[in-house]
Amino acid sequence: MTGKNETILYQTNELPEYIEVRIDEERETFWLLLNQISNLFERDKSIIPRHLKNIFKNKELDKNAVVAKNATTATDGKTYNVEHFNLDAILSVGYTVNSKRGTQFRVWASRVLRDYLLKEA
């Protein structure tokens, strides 16, 4: 990657549309909006904040460390501060969300972690 902040598009055969991912090389993470997380895990947009609230309440993650507000210009021409959630928040939601896509995510993440640990052993 060439810049400190890049945008990539994520799409699989299962997703009806792509998800735009903001890469932040400086912080070694990427960011998604709430609606992107809900699309990723095929859950209603109202469900994801409940998972995040529990994650922050249980001190699994510090909200200040995983949430960033960025100015976004909407189609109406107005600028809004919108919350973006980093990879740590996305992973935590993926481990708590109850959906087919959430299950697929957990299977994939467990396999990647197992492969990594066995490779390093």
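Structure's up top.
First, a word on what this report is: a plain description of the structure on this page.

Each value, and the rule that gives it
- Residues numbered from 1 in each chain as written.
- Predicted model: local features only at pLDDT ≥ 70, side-chain atom pairs only at ≥ 80, totals over all residues.
- Heavy atoms only, no water.
- Helix = DSSP H or I, 4+ residues; strand = E, 2+ residues; numbered from the N terminus.
- Buried < 20%, exposed > 50% of the residue type's maximum accessible area, 1.4 Å probe, protein only.
- Contact = heavy atoms within 4.5 Å.
- Areas by Shrake-Rupley, 256 points an atom, 1.4 Å probe, with all protein chains shown as cover.
- Pairing = 2+ DSSP bridges.
- Core = buried A, V, L, I, M, F, W, Y, C linked by side-chain atoms within 4.5 Å.

## Points about the overall build of the protein
Consideration 1: Per the secondary structure count, the protein includes five helices and five strands.
Consideration 2: Order of helices (α) and strands (β) in the protein, N terminus to C terminus: β-β-β-α-α-α-β-β-α-α.
Consideration 3: Residues classed as buried in the protein amount to 31% of the 121 residues present.
Consideration 4: Put simply, 39% of the contacts in the protein that link residues at least 6 apart link residues at least 24 apart.
Consideration 5: Accessible surface, the protein as shown: approximately 8600 Å² in total, 50% of it carbon and sulfur.

## With respect to the pairing of strand β5 (residues 79–86)
Consideration 1: In this sheet, β5 lies alongside strand β3 (residues 29–33) in antiparallel orientation, the contact comprising three bridges. The residue of β5 that forms the bridge with Trp 31 is Asn 86.
Consideration 2: Direction of pairing for strand β4 (residues 67–73) relative to β5: antiparallel, over a ladder of seven bridges. If you follow Lys 69 over to β5, its bridge partner there is Glu 83.
Consideration 3: Two successive antiparallel strands, β4 and β5, enclose a turn made up of five residues, where Gly 77 displays a positive phi of approximately 90°.

## Looking at the nonpolar core
Consideration 1: In terms of nonpolar packing, the biggest core is built from 19 residues, with Ile 37, Phe 41, Leu 52, Phe 56, Phe 85 and Val 93 touching the most fellow members.
Consideration 2: Elements represented by at least two residues in this core include exactly α1 (34–40), α2 (47–57), α4 (87–96) and α5 (100–120).
Consideration 3: Looking at which element gives the most residues to this core, the answer is α2, with four residues.

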